[in-house]
Number of protein chains: 2
Amino acid sequence: MSSHDVKKKCKSCALYSDSKLFCASLSGNELCDLSDHSRTLSMKRGDTLEGDALSHWPIVAIDDGVVSIQHLLQDGRKTIAALFMRGDILDLRNISNRNRGALVALGKVNICRMAPKVFAQIMAENPNSQKIVWENLRDQAFRAIDHSADIAKKQALEKLASFVLECRNRQEITGNTEVIDIPVRRVDLAEYLGMQPETVSRGFKDLENRGVLDVISLKAVKIKNLQFLRRIADGDKDVIDEKGDPGSFKVLQFG
Amino acid sequence: MSSHDVKKKCKSCALYSDSKLFCASLSGNELCDLSDHSRTLSMKRGDTLEGDALSHWPIVAIDDGVVSIQHLLQDGRKTIAALFMRGDILDLRNISNRNRGALVALGKVNICRMAPKVFAQIMAENPNSQKIVWENLRDQAFRAIDHSADIAKKQALEKLASFVLECRNRQEITGNTEVIDIPVRRVDLAEYLGMQPETVSRGFKDLENRGVLDVISLKAVKIKNLQFLRRIADGDKDVIDEKGDPGSFKVLQFG
DNA sequence: CGGCAAGTTGAGCCAGGTCAACTCCGGTGG
DNA sequence: CCACCGGAGTTGACCTGGCTCAACTTGCCG
């Protein structure tokens, strides 16, 4: 594959075009080498990554879209244990034996699967790339840990507030407004937060009634009171206890 | 510090004496250098690691004991979001701003805090050490993800069963029996699994009544029926529905 | 062996799960 | 462009697992 082809394949990929991401940190040779030993893949909602495909290409980089790790219980209960997005790099080497989760796309997704050998070589030789990948993995770990904390003891409203804030943290800093993109469906959101779709629905409505946010569409909310949202996410009972039903409406204010 | 001192300081530490762990992978020079730029620390239950101490020594390796990441909500609810044990290496560089969790010892703990500079240098230069640390971080991430799945949708009994199995996976393979060490107190366990101490207590009793395990002491259980424990942890409702009360006792068998 | 923290047991209650009916929305074909 | 269709989301009514609070027991450390 010529150097020109490499450019064509990788030029449009976020991992290359965003200077903070992995492929942007590579030297020309490394990028070329990795390009020769990687395969891009487009997925649609419900597509899963597993088995042989994974054992041959266990390093997965996400260019665009949302990928989930789903755990399925015997009786059909499903859980989304983690969400991965643009820039995340998953190392699934030798993962099959320990982890029962499947990698499932939650919408249109573009990924790039890399040969472990070339990836390992870059990791060993390019400290800058190593740092990027290391920090990404560390973020994944801390995100998962924070998420555990969110779903362990928080109640429905608090979980939802935390999720909106998590989306806010992860989304591109567009700089303009307080409109937050919700990149997953209601069902997925429910599975991610360990609750029912019905409860998610009621929760958003409740947050709207409290004047904390507006549900613009199924894909976006607008934060109207960030400080309040934070306090709810943080388990402040003074806020929660002000009931949010339309009947007993009350002007919200800070203490 | 002479080479002899280095040996004295590190010889008794699991990270050095266990060949699979980080310090065992270092060259003589690297070990010496790292030893000069690290501080061991003994902690007791409730001691926390924070602030300046962390910003100067943000790389923490655990020699012995159990360390938790605890998240505290405004109204006092506490969650243990993750548990770290022997061999785990925590990279807490630049962590203060994103993560509200505190690092708290759950009992007697020995840790070693390393200077980030030397650590980074080893990571860049010693591929073998890099691999060990990388895989440890990856394990931490997947453990956290699995844990999210455990607490999201499982009910009390299932969470407990999962926890016992998690302990089984993490504990030294002593090879002999099915006695599993429970390295944390009931309260901590409850906080880790997102439930109340009372529920933990009732859960263990229930598992005993079902003949799945014996609670030997507060610190250990003996698995009597591993397959059943696995099925419970896996959310098999056929098993759960056989009520475990002492009254309606019933010989458990497989389908 | 006394004192206190940790754990257990019991009774009652409520947040959120469940089930069923309804509405909304996006895509498709006439 | 609109009518239709099916899946996704919402709403309502009811029910239950596990939280709560309080009293009791156990285990641990000096």
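Everything numeric here is computed off the predicted structure, so don't read it as measured data.

## Considerations on the domain arrangement of chain A
All names here are of chain A.
So, point 1. Here the domain parsing of chain A yields domain 1 (3–150) and domain 2 (154–241).
So, point 2. Just the C-alpha atoms count here: the centres of domain 1 and domain 2 sit 27 Å apart.
So, point 3. With 17 residues of domain 1 in contact, the opposing surface of domain 2 contributes 14 residues.
So, point 4. Contact between domain 1 and domain 2 buries roughly 1400 Å² in total, counting both sides, with carbon and sulfur atoms accounting for 53%.
So, point 5. Here domain 1 and domain 2 share 3 salt bridges between them.
So, point 6. Taken together, the links from domain 1 to domain 2 amount to 6 residue pairs in polar contact (both at pLDDT 80 or more).
So, point 7. If you list the elements that add at least two residues to the side of domain 1 that touches domain 2, you get β5 (78–84) and α6 (127–153).
So, point 8. Ranked by residue count, the leading element in the side of domain 1 that touches domain 2 is β5, at 7 residues.
So, point 9. In the side of domain 1 that touches domain 2, the residues fall into 9 nonpolar, 2 polar and 6 charged.

## Some points on the packing of aromatic side chains
Residues and elements named next belong to chain A.
So, point 1. This structure, assessed with the given rule, holds 4 aromatic pairs over all chains.
So, point 2. Relative to Y192, the ring of F163 has its centre 5.8 Å away and its plane inclined at 70 degrees; by these criteria the two rings are edge-to-face. One end of the pair, F163, is in helix α7 (residues 156–170); the other, Y192, is in helix α8 (residues 186–193), with 29 residues separating them in the sequence.
So, point 3. Since its relative accessible area comes to 3%, F163 is described here as buried.
So, point 4. Take Y192: its relative accessible area is 4%, and that puts it in the buried class.

## Looking at the state of the cysteines
So, point 1. In the structure shown here, the tally under the stated rule is 0 disulfides over all chains.
So, point 2. C32 of chain A carries a free sulfur, and the closest cysteine sulfur to it, the one in C10 of chain A, is 9.1 Å from it.
So, point 3. On the basis of relative accessible area, C32 of chain A is assigned to the partly exposed category, the value being 22%.
So, point 4. With no disulfide of its own, C10 of chain B lies closest to C23 of chain B among cysteine sulfurs, the gap being 6.1 Å.
So, point 5. Relative accessible area serves as the criterion here: at 12%, C10 of chain B is assigned to the buried category.

## Remarks on the sheet that holds strand β5 (residues 78–84) of chain B
So, point 1. Spatial strand order, β2-β7-β4-β5 (chain B): 4 strands in an open sheet with antiparallel pairing. Each edge of the sheet is formed by a strand with only one pairing partner; in this case those strands are β2 (48–49) and β5 of chain B.
So, point 2. Pairing between strand β4 (residues 67–72) of chain B and β5 of chain B: 6 bridges, direction antiparallel. Following the sheet pairing, V67 of chain B is matched in β5 of chain B by F84 of chain B.
So, point 3. Of the strands in this sheet, β4 and β5 of chain B are in contact with α6 of chain A, which crosses β5 of chain B at around 145 degrees.

## Focus on the protein's contact with DNA strand D
So, point 1. Near DNA strand D, the surroundings consist of 16 residues, among which V187 of chain A together with Q155, A156, T199 and R202 of chain B are the closest.
So, point 2. A breakdown of the atoms of DNA strand D within 4 Å of the protein gives sugar and phosphate a share of 72%.
So, point 3. In the environment of DNA strand D, a phosphate oxygen lies 3.4 Å from a nitrogen or oxygen atom belonging to the backbone of V187 of chain A.
So, point 4. Within the side chain of S201 of chain A, one N or O atom sits 3.0 Å away from a sugar or linking oxygen of DNA strand D.

## A short note on the nonpolar core
So, point 1. Counting residues in hydrophobic clusters, the biggest one holds 45 residues, and the most contacted among them are F22 and M114 of chain A together with F22 of chain B.
So, point 2. With residues up to four places along the chain from it excluded, the contact list for F22 of chain B reads L15, L34, I89, M114, F119, I122, S129, I132 and V133 of chain B.
So, point 3. If you look at the next biggest cluster of nonpolar residues, it comprises 42 residues, including I145 of chain A together with L49, F84 and L92 of chain B.

## Notes on helix α9 (residues 197–209) of chain B
All names here are of chain B.
So, point 1. An ideal rise of 1.5 Å per residue puts 18 Å on 13 residues; α9 measures up with 19 Å between its terminal C-alpha atoms.
So, point 2. For α9, the complete set of buried residues consists of V200, G203, F204 and L207. For α9, the buried positions fall inside an angular range of 95 degrees around the axis, keeping them on one side. Exposed side of α9, more than 90 degrees from the buried face: R202 and K205 are the residues found there.
So, point 3. Among the residues trailing α9, G211 stands out with phi positive, at a value near 75 degrees.

## Observations regarding the environment of V133 of chain B
So, point 1. With respect to the element layout, V133 of chain B can be found in helix α6 (residues 127–153).
So, point 2. Classification of V133 of chain B as buried rests on a relative accessible area of 1%.
So, point 3. Considered as a pair, V133 of chain B and S27 of chain B are 106 residues apart in the sequence and their alpha carbons are 15 Å apart.
So, point 4. Those residues in contact with V133 of chain B that sit more than four places away from it in its chain are W134 of chain A together with F22, I89, F119 and M123 of chain B.

## Section: the relation of the copies chain B and chain A
So, point 1. Here chain B sits on chain A after a turn of 180 degrees about the axis and a move of 0.0 Å along it, with an RMSD of 0.0 Å. This pairing of chains is accounted for by a two-fold axis. By C-alpha distance to the rotation axis, the residue of chain B lying nearest is A141 of chain B, at 2.0 Å.
So, point 2. A shared interface surface links the copies, since 98% of the contact residues of chain B are contact residues in chain A too.

## Observations regarding the pairing of strand β8 (residues 109–114) of chain B
Residue and element names in this part refer to chain B.
So, point 1. Summarising burial for β8: 5 of the 6 residues are buried, a large majority.
So, point 2. The pairing of strand β1 (residues 38–43) with β8 spans 6 bridges and is classified as antiparallel. Within the sheet, the bridge partner assigned to M43 lies in β8 and is V109.
So, point 3. Summarising the sheet, strand β3 (residues 59–64) and β8 pair through 5 bridges and their orientation is antiparallel. When the bridges of β8 are listed, D64 appears paired with N110.

Parameters at a glance
- Residues numbered from 1 in each chain as written.
- Chains lettered and ligands numbered in written order.
- Predicted model: local features only at pLDDT ≥ 70, side-chain atom pairs only at ≥ 80, totals over all residues.
- Heavy atoms only, no water.
- Domains from an automatic or database assignment.
- Contact = heavy atoms within 4.5 Å.
- Buried area = accessible area lost by both parts, 1.4 Å probe.
- Salt bridge = Lys/Arg side-chain N within 4 Å of Asp/Glu carboxyl O.
- Polar contact = N/O pair within 3.5 Å; in protein donor to acceptor, adjacent residues only side chain to side chain.
- Helix = DSSP H or I, 4+ residues; strand = E, 2+ residues; numbered from the N terminus.
- Nonpolar A, V, L, I, M, F, W, Y, C, P; charged D, E, K, R; others polar.
- Phe/Tyr/Trp six-rings, centres within 6.5 Å; stacked < 30°, edge-to-face > 60°.
- Buried < 20%, exposed > 50% of the residue type's maximum accessible area, 1.4 Å probe, protein only.
- Disulfide = S-S within 2.5 Å.
- Pairing = 2+ DSSP bridges.
- Axes fitted to C-alpha atoms, helices over the stretch in contact; angles between N-to-C directions.
- Near = heavy atom within 4 Å.
- Core = buried A, V, L, I, M, F, W, Y, C linked by side-chain atoms within 4.5 Å.
- Expected span 1.5 Å × (residues − 1).
- Arc of directions from axis to C-beta.
- Least-squares fit on C-alpha atoms with pLDDT ≥ 70 in both.

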